[in-house]
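Take a look at the letters that make up each chain.
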Amino acid sequence: MATKGVVKGIVSNLVTVEVNDAVSQNEICYISVGGTQLMSEVIKVIGKNAYVQVFESTRGMRVGDEAVFKGHMLEVTLGPGMLSRNYDGLQNDLDKMQGVFLKRGEYTYPLQDEDLWEFKPVAKVGDCVMAGDWLGEVDENHQPHKIMVPFVFEGTFTIKSVVGEGQYRVIDTIAVLTDETGHDVNVNMVQKWPVKRAITCYKAKPRPFKLLKTGVRTMDTLNPIVEGGTGFIPGPFGTGKTVMQHAISKQAEADIVIIAACGERANEVVEIFAEFPHLDDPHTGRKLMERTIIIANTSNMPVAAREASVYTAMTIAEYYRSMGLKVLLMADSTSRWAQALREMSNRLEELPGPDAFPMDLSAVVANFYARAGYVELNNGKTGSVTFIGTVSPAGGNLKEPVTENTKKVARCFYALEQDRADRKRYPAINPIDSYSKYLEYPEFQAYIAEHISPTWINKVNEIKTRMLRGKEISEQINILGDDGVPVEYHEIYWKSELIDFVILQQDAFDDVDAISPLERQEYMLDKVVDICHTNFDFDNFNEVSDFFKKLINVFKQMNYSEFESANFEQFNTEIFTLLQTHVKK
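Residues numbered from 1 in each chain as written. Predicted model: local features only at pLDDT ≥ 70, side-chain atom pairs only at ≥ 80, totals over all residues. Heavy atoms only, no water.

Next up on the list: the pattern of salt bridges. Going through the model one piece at a time under the given rule, you end up with 23 salt bridges. Close ionic contact of Lys124 with Asp127 constitutes a salt bridge, the shortest N to O distance being 3.4 Å. Residue class for Asp127 comes out partly exposed when judged on its relative accessible area of 22%. Two residues, Arg207 and Glu443, come together in a salt bridge whose shortest N-O distance is 3.0 Å. Residue Arg207 is located in the loop between strand 17 (191-194) and helix 1 (217-222), and its partner Glu443 is located in helix 9 (residues 442-451); the two are separated by 236 residues in the primary sequence. By sharing partners, the salt bridges in this structure join Arg420, Arg425, Glu497 and Asp500 into a single network. (Salt bridge = Lys/Arg side-chain N within 4 Å of Asp/Glu carboxyl O. Buried < 20%, exposed > 50% of the residue type's maximum accessible area, 1.4 Å probe, protein only. Helix = DSSP H or I, 4+ residues; strand = E, 2+ residues; numbered from the N terminus.)

This next bit is on the packing of aromatic side chains. Overall, the coordinates contain 27 aromatic pairs when judged by the stated rule. Centre to centre, the rings of Phe368 and Tyr369 are 6.5 Å apart; their planes meet at 85°, and the pair counts as edge-to-face. Residue classification places Phe368 among the buried positions, given a relative accessible area of 1%. Classification of Tyr369 as buried rests on a relative accessible area of 3%. Look at Tyr493 and Trp494: their rings are 5.6 Å apart centre to centre, the planes differ by 75°, and that puts the pair in the edge-to-face class. Among the aromatic residues, those joined into a ring-pair cluster are Tyr311, Trp337, Phe368, Tyr369 and Phe387. Between the NZ or CZ atom of Arg207 and the centre of the ring of Tyr441, over which it lies, the distance is 3.9 Å. A cation over an aromatic ring shows up here: Arg342 above the ring of Phe357, its NZ or CZ 4.3 Å from the ring centre. (Phe/Tyr/Trp six-rings, centres within 6.5 Å; stacked < 30°, edge-to-face > 60°. Lys NZ or Arg CZ within 6 Å of the ring centre and 35° of its normal.)

Now for unusual backbone geometry. In this structure, Ser333 follows Asp332 across a cis peptide bond, with omega equal to 0°. With an omega of -5°, the peptide bond between Tyr426 and Pro427 qualifies as cis. Within the secondary structure layout, Pro427 lies in the loop between helix 8 (418-422) and strand 25 (435-436). Backbone geometry at Asn26 places phi at a positive 70°, although glycine is not the residue there. Structurally, Asn26 can be placed in the loop between strand 2 (14-19) and strand 3 (27-33). Here Asn26 falls in the buried class, since its relative accessible area comes to 16%.

This part takes up the domain arrangement of the protein chain. The domains assigned to the protein chain are domain 1 (4-73), domain 2 (112-189), domain 3 (217-436) and domain 4 (456-580). A C-alpha centroid distance of 31 Å is found between domain 1 and domain 3. Opposite the 13 residues of domain 1 that make contact, domain 3 presents 9 residues. Ranking the residues of domain 1 by area buried against domain 3 places Leu14, Gln53 and Phe55 at the top, with a combined share of 48%. There are 0 salt bridges connecting domain 1 and domain 3. Taken together, the links from domain 1 to domain 3 amount to 2 residue pairs in polar contact (both at pLDDT 80 or more). (Domains from an automatic or database assignment. Contact = heavy atoms within 4.5 Å. Buried area = accessible area lost by both parts, 1.4 Å probe. Polar contact = N/O pair within 3.5 Å; in protein donor to acceptor, adjacent residues only side chain to side chain.)

Moving on: the pairing of strand 12 (residues 143-148). Counting buried residues in strand 12 gives 5 out of 6 residues, a clear majority hidden from the surface. Between strand 11 (residues 134-140) and strand 12, which pair antiparallel one after the other, the connecting turn spans 2 residues, and Asn141 there sits at a positive phi close to 50°. (Pairing = 2+ DSSP bridges.)

A few words on the sheet that holds strand 11. The strand order across the open sheet built from 4 strands is 12-11-9-14, with neighbouring strands paired in antiparallel fashion. Because the sheet does not close on itself, it has two edges, and the strands there are strand 12 and strand 14 (166-168). Each strand axis lies, on average, 40° off the axis of its neighbour in the sheet, ignoring direction. As judged from the 6 bridges shared by strand 11 and strand 12, these two strands associate in the antiparallel manner. Its bridge partner lying in strand 12, Glu137 is registered against Lys146. (Axes fitted to C-alpha atoms, helices over the stretch in contact; angles between N-to-C directions.)

This part takes up the sheet that holds strand 1 (residues 4-11). If you walk around this closed barrel you meet the 6 strands as 1-2-5-4-3-6, and the pairing is antiparallel. Averaged over all neighbouring strand pairs, the angle between strand axes comes to 45°, with direction disregarded.

The subject of this paragraph is the side chain of Lys527. Its place among the elements puts Lys527 in helix 12 (residues 518-533). Buried charged residue Lys527 carries no salt bridge. Nearest counter-charge: Asp530, at 6.9 Å. What Lys527 contacts, discounting residues up to four positions off in sequence, is Phe555, Met558, Asn572 and Ile575. (Lys, Arg positive; Asp, Glu negative; His and termini not counted.)

Bringing the pairing of strand 11 into the picture now. Burial analysis of strand 11 places 5 of its 7 residues in the buried class, which makes it a mostly covered element. Pairing analysis gives 3 bridges linking strand 9 (residues 117-121) to strand 11, with the strands arranged antiparallel. Counted as the bridge partner of Phe119 is Val138 from strand 11.

Take a look at the structure:
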């Protein structure tokens, strides 16, 4: 019999319910308000009182309203038909909802029960299987969607029967499994999993090492992220976080893209809805939306639902990872998620940490980021979830708790800077403050040496050093004036500017420059490093700046030309001729 309770106290979305039986942490309950059932989650239990966060507005709720507990945690429904969908933080299908505004208490089923899927078995009768093993596959928007043994199954099972190739609904039984006690269980294409628990149906989770190509030079060349890696992009308003996310989503070598708009402004979410269906996928030639899932939770949606949305997105990502796919998860912005945690913590009257955030904020952030990763499945295949979150620190302050705690766990840090954005140096990622810890991993270094070049990482470290030296000289020039520093210093400064304009800056709206293949990045890096190693002969600082401005202009035109085209080679010749005018004899 289901546990029931009575509302005893209401503080906005935090409701105190007195229960008549046992309840569990994170259990779901429904509170009846004027005939409408409002979904809620238990976040704290003290004696007979369960403190629940309501995923809807609590307007009209009264002391004495009834609550019914469901005996399970907040779950997502997993199965074919999720790609191209727009969900909210509780996995309600937004496209099934009627009207301009979301109605309170309206919940929709995330899958299409009556759609037929072309099923092909990959396992056979007599096979011994366990949770996460593949039974068959269907084609979902040109992606091989594996039908797996449900993750909740424990122990080993023997396949008693599996249906033949044909068309089936997601709710049709596609296999019968016999457990170790001889009991038969039916399996269909749908399974449920609690969002707060990581899916761990894999053999091993080694340290990630494969470069994830994004086509963004300042990331791939300077601070690379890997398949199954973690990174975050902090930056104040207007520095280009959304454009960065769109570029990475479109260009990164991922099979599935999941965008979690967890508490972003509504206009930015509308922009995603409006743009993504029209974006062409450079990898498949079809529409990017075909392999994208959007979890939309805007700032004006209830706080609790905003907190749930990141977990919903991560669980769906882990599900596709178990199919041996490369998943890219983008969250915008994790600051709003942390603010939701702060709001509920404050209502619970817990001891506050820095800036009133919960004391355990660092543990919550670390546990969430740890769910990303590169895994080896039971059948020897591999899959990955790469997680990149954006952080919107108040006033651009990168010392606030969310940024600081995220820095401890994310391996890549892409610091968007207001000063670079103001000077229109996009992407506005600060090359000195940003970093990728994957450059230090021996596995990654070996991978780069084998797949790109043994000297690649040395060159990357060299241009980082040159950028730092250029910044130091720029500050000296600002203080002492152009005449106050030697000509050699001007040359060092302008070589760092050459790296900035040619390697770091990129036009996301140009057909050619928007995506830079690794082969081209390697060629341009070698060319720029060679120029940095060249000794020049200049009489004064004006000569230095005039020469490098001309050189940078030709390089920029080169970046807008197709790689190894006639135009590209012509600019190459121009650069060679220009270099001869000042090379030290």
